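# A closer look at the structure
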Amino acid sequence: MMKRKFILKILSKVNSENISLGIDSFNKAIQDFGDSMDSITREFSADIEKSNGESRIRDEKNKENLDKIWGKRK
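Counting restarts for each chain, with residues numbered from 1 along the sequence as it is written. Residues qualify for local features only when their pLDDT is at least 70, as the model is predicted, and side-chain atom pairs are given and counted only at 80 or more; totals for whole chains, interfaces and linings, by contrast, use all residues. Based on all heavy atoms of the structure, the side-chain values leave hydrogens and waters out of the count.

## Focus on the overall build of the chain
For the chain, the helix and strand inventory stands at 2 helices and 0 strands. Taken over the C-alpha trace, the chain has a radius of gyration of 31 Å; the compact-globule value for 74 residues is 11 Å, which it surpasses by more than 25%. When the backbone C-alpha atoms are referred to their principal axes, the chain occupies close to 95 × 25 × 15 Å. Buried residues are those whose accessible area, probed at 1.4 Å on protein chains only, stays under 20% of the maximum for their type, while exposed residues exceed 50% and partly exposed ones sit between those limits. Sorting the 74 residues of the chain into buried and exposed places 1% on the buried side. As displayed, the chain has an accessible area near 7,500 Å², and 59% of this comes from carbon and sulfur atoms. Each helix is a run of H or I in the DSSP string that is no shorter than four residues. Each strand is a run of E no shorter than two, and both are numbered from the N terminus. Every radius of gyration here is taken over C-alpha atoms, with the globule rule written as 2.2 Å times N^0.38, N being the number of residues. All accessible areas in this document rest on Shrake-Rupley with a 1.4 Å probe, and a residue is counted as covered only by the protein chains that are shown.

## Looking at the pattern of salt bridges
Whenever a carboxyl oxygen of Asp or Glu lies within 4 Å of a side-chain nitrogen of Lys or Arg, that contact is scored as a salt bridge. Evaluation of the coordinates by the stated rule reveals 3 salt bridges. Ionic pairing is found between Asp32 and Lys28, a salt bridge with its closest N-O pair at 3.0 Å. Remark: Lys28 and Asp32 occur in helix α2 (residues 16-70); sequence separation between them is 4 residues, near one turn of the helix. Its relative accessible area of 34% is what places Asp32 among the partly exposed residues. In this structure Lys28 comes out as partly exposed when scored by relative accessible area, which is 47%. Between Lys63 and Asp67 there is a salt bridge, and its shortest N-O distance comes to 3.3 Å. Of this pair, Lys63 and Asp67 both sit in helix α2, separated by 4 residues, roughly a single helical turn.

## Regarding α2
Taking 1.5 Å of rise per residue, 55 residues should cover 81 Å, and α2 covers 79 Å from first to last C-alpha, within 8% of that figure. Of the residues one or two after α2, Gly71 is the one with positive phi, at around 85°. Multiplying 1.5 Å by the helix residue count minus one yields the expected span of that helix.

## Examining helix α1 (residues 2-13)
Given 3.6 residues per turn, any residue in an α-helix points the same way as the ones three and four places further on. Here α1 contains 12 residues, and its C-alpha end-to-end distance of 17 Å stays within 8% of the 16 Å for a straight helix at 1.5 Å per residue. In terms of residue burial, α1 counts as a barely covered element, since only 0 of its 12 residues are buried.

## Quick word on the environment of Ile7
Here Ile7 is to be found in helix α1. Between the alpha carbons of Ile7 and Arg42 there is a distance of 48 Å; along the sequence they are 35 residues apart.

Right, here's the structure in full:
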């Protein structure tokens, strides 16, 4: 009997307005998380593009330096 009273007491405190507020809060948190992930993804993409550009420049300089040392290859 005690369990039943306990369950009924909990159910009496739960109402649709509280559930709706909880769902709205959860939805906002998920949207904020998605925005954060989008921002991080854009930041990583920019870093990768920058790194690729620097790598191409380094490769070209290395090739020029090897050409100076060994002469141009045919």
